[in-house]
Amino acid sequence: MRTLYQFPISHYCEKTRWHLDHKGLDYRVDNLFPGFHRLQSKRLANIVTLPILRDGEQVVGDSTAIALHLEQRYPEQPLLPQDAEQRAQIMELEERFDRLGVHVRRWLYGQIEDWSTVMHAMLKVYRPWFGLRDLMKPLLIDGVKKLYGIRPDRVAKSREELLAGLDLIEQLTGGDPARYLVGDQLSLADVAAASLYGPLFTPAGTPWEHIAGHGQETQAFLDQLFARPAGQWVLRRYAEDRQRRT
Ligand SMILES: N[C@@H](CCC(=O)N[C@@H](CS)C(=O)NCC(=O)O)C(=O)O
């Protein structure tokens, strides 16, 4: 049996769920409590971040390493083509979008004015533990801000970076939301780009759907991003290529 150790709203965990679902693999999720998760993640894979996948005897941490593990162990429904040149390009993009995921996260957290819906989405899967879960909220908000470097200068830099990532999607697809980033099939590059940019576009059925703690100015900016071919591309990947477990 497979177990995905995750946080529901993490876009890196979403990337791994997408990989697993694409290959039609069964798994159970174990939602670790943010902060305390490190005790378990260290023990499981000697890392501090999630996702981590237990696949039978094997434990693999980091969404890219998990993706490669799944490609190797379950070659059906490949997300990496045979062609060596395309594979190299896809892996380069996969890693590039992984780095951009950090900027998407920092910029978005930097826009939050009302943390209630974020905290609700983050913590609703855990038991209330006699009110302890809710008492943790202020600590978690503070922890998130420190951990992800939510400072005005860094948030502003992340905005530039995330825009450069959207430019890259448009450049690679020629501005056509129907096209894939490399070749004519869904690959690890598309899954990385779509899942890691997903929180900006809140596709239906994702954990980000009902999160809305930002102000009007941010919404106006997001509306511009929605209208761009890259925004439509993310939504299209979700609509057409994101198979979900039933
Ligand atoms: N490169 C890692 C990044 C994963 C990551 O940043 N996960 C975040 C959640 S979005 C995390 O676990 N943060 C908790 C922490 O750092 O303590 C991957 O691809 O798996």
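Residues numbered from 1 in each chain as written. Predicted model: local features only at pLDDT ≥ 70, side-chain atom pairs only at ≥ 80, totals over all residues. Heavy atoms only, no water.

Requested: an account of the site of the ligand, with residues and values cited.
Surveying the vicinity of the ligand reveals 15 residues, the closest of which are Arg 38, Leu 50, Ser 63, Arg 105 and Tyr 148. Looking at the shell around the ligand residue by residue, the classes come out as seven nonpolar, four polar and four charged. Taken domain by domain, the shell around the ligand gets at least three of its residues from each of domain 1 (2-73) and domain 2 (84-241). (Near = heavy atom within 4 Å. Nonpolar A, V, L, I, M, F, W, Y, C, P; charged D, E, K, R; others polar. Domains from an automatic or database assignment.)

Explain the pairing of strand S1 (residues 2-6) to me, using residue names and the numbers behind them.
Counted residue by residue, S1 has five buried out of five residues, so it is predominantly covered. In the sheet, S1 pairs with strand S3 (residues 52-55) via four bridges, with the strands oriented antiparallel. Looking at the pairing, Arg 2 lines up with Asp 55 of S3. Across four bridges, S1 lies against strand S2 (residues 28-31) in parallel orientation. Paired with Thr 3 across the strands is Arg 28, a residue of S2. On the question of chirality, the crossover connecting S1 to the parallel S2 by way of helix H1 (residues 11-22) is right-handed. (Buried < 20%, exposed > 50% of the residue type's maximum accessible area, 1.4 Å probe, protein only. Helix = DSSP H or I, 4+ residues; strand = E, 2+ residues; numbered from the N terminus. Pairing = 2+ DSSP bridges. Right-handed = clockwise from strand over helix to strand, strands pointing away.)

Let's hear about helix H7 (residues 137-147): which residues, and what values?
Residues Leu 140, Ile 141 and Val 144 constitute the buried set of H7. Looking down the long axis of H7, one finds its buried residues gathered within 100° of arc, a one-sided arrangement. Opposite the buried face of H7, by more than 90 degrees, sit the exposed residues Pro 138, Leu 139 and Lys 146. Residues of H7 that are buried sit in contact with helix H4 (84-111) and helix H5 (116-123). In the stretch just after H7, Gly 149 is the one whose phi turns positive, near 65°. (Arc of directions from axis to C-beta. Contact = heavy atoms within 4.5 Å.)

For the nonpolar core, give the residues involved together with the corresponding values.
Looking at soluble globular proteins, one finds that nonpolar side chains tend to be buried together. Phe 97, Leu 181, Tyr 197 and Leu 200 are the most contacted members of the largest nonpolar core, which totals 66 residues. Of all the secondary-structure elements, those providing two or more residues to this core are H1, H4, H5, H7, helix H8 (152-173), helix H9 (188-201), helix H10 (216-227) and helix H11 (229-241). Each of domain 1 (2-73) and domain 2 (84-241) contributes no fewer than three residues to this core. If you look at the next biggest cluster of nonpolar residues, it comprises nine residues, including Leu 20, Val 60, Leu 70 and Tyr 74. (Core = buried A, V, L, I, M, F, W, Y, C linked by side-chain atoms within 4.5 Å.)

Now, about the domain arrangement of the protein chain: what can you tell me, with residues and values included?
Partitioning the protein chain into domains gives domain 1 (2-73) and domain 2 (84-241). Computed over C-alpha atoms only, the centres of domain 1 and domain 2 are separated by 18 Å. When the two sides are added together, the surface that domain 1 and domain 2 hide from each other amounts to roughly 2300 Å², 73% of it contributed by carbon and sulfur. At the junction of domain 1 and domain 2, the tally comes to two salt bridges. Residue Glu 94 pairs with Lys 15 through a salt bridge whose shortest N-O separation is 2.7 Å. Taken together, the connections running from domain 1 to domain 2 amount to eleven residue pairs in polar contact (both at pLDDT 80 or more). Contributions of two or more residues to the side of domain 1 that touches domain 2 are made by H1 and helix H3 (63-73). Looking at the side of domain 1 that touches domain 2 element by element, the count peaks at eight residues for H1. Among the residues making up the side of domain 1 that touches domain 2, the classes are represented as eleven nonpolar, seven polar and five charged. (Buried area = accessible area lost by both parts, 1.4 Å probe. Salt bridge = Lys/Arg side-chain N within 4 Å of Asp/Glu carboxyl O. Polar contact = N/O pair within 3.5 Å; in protein donor to acceptor, adjacent residues only side chain to side chain.)

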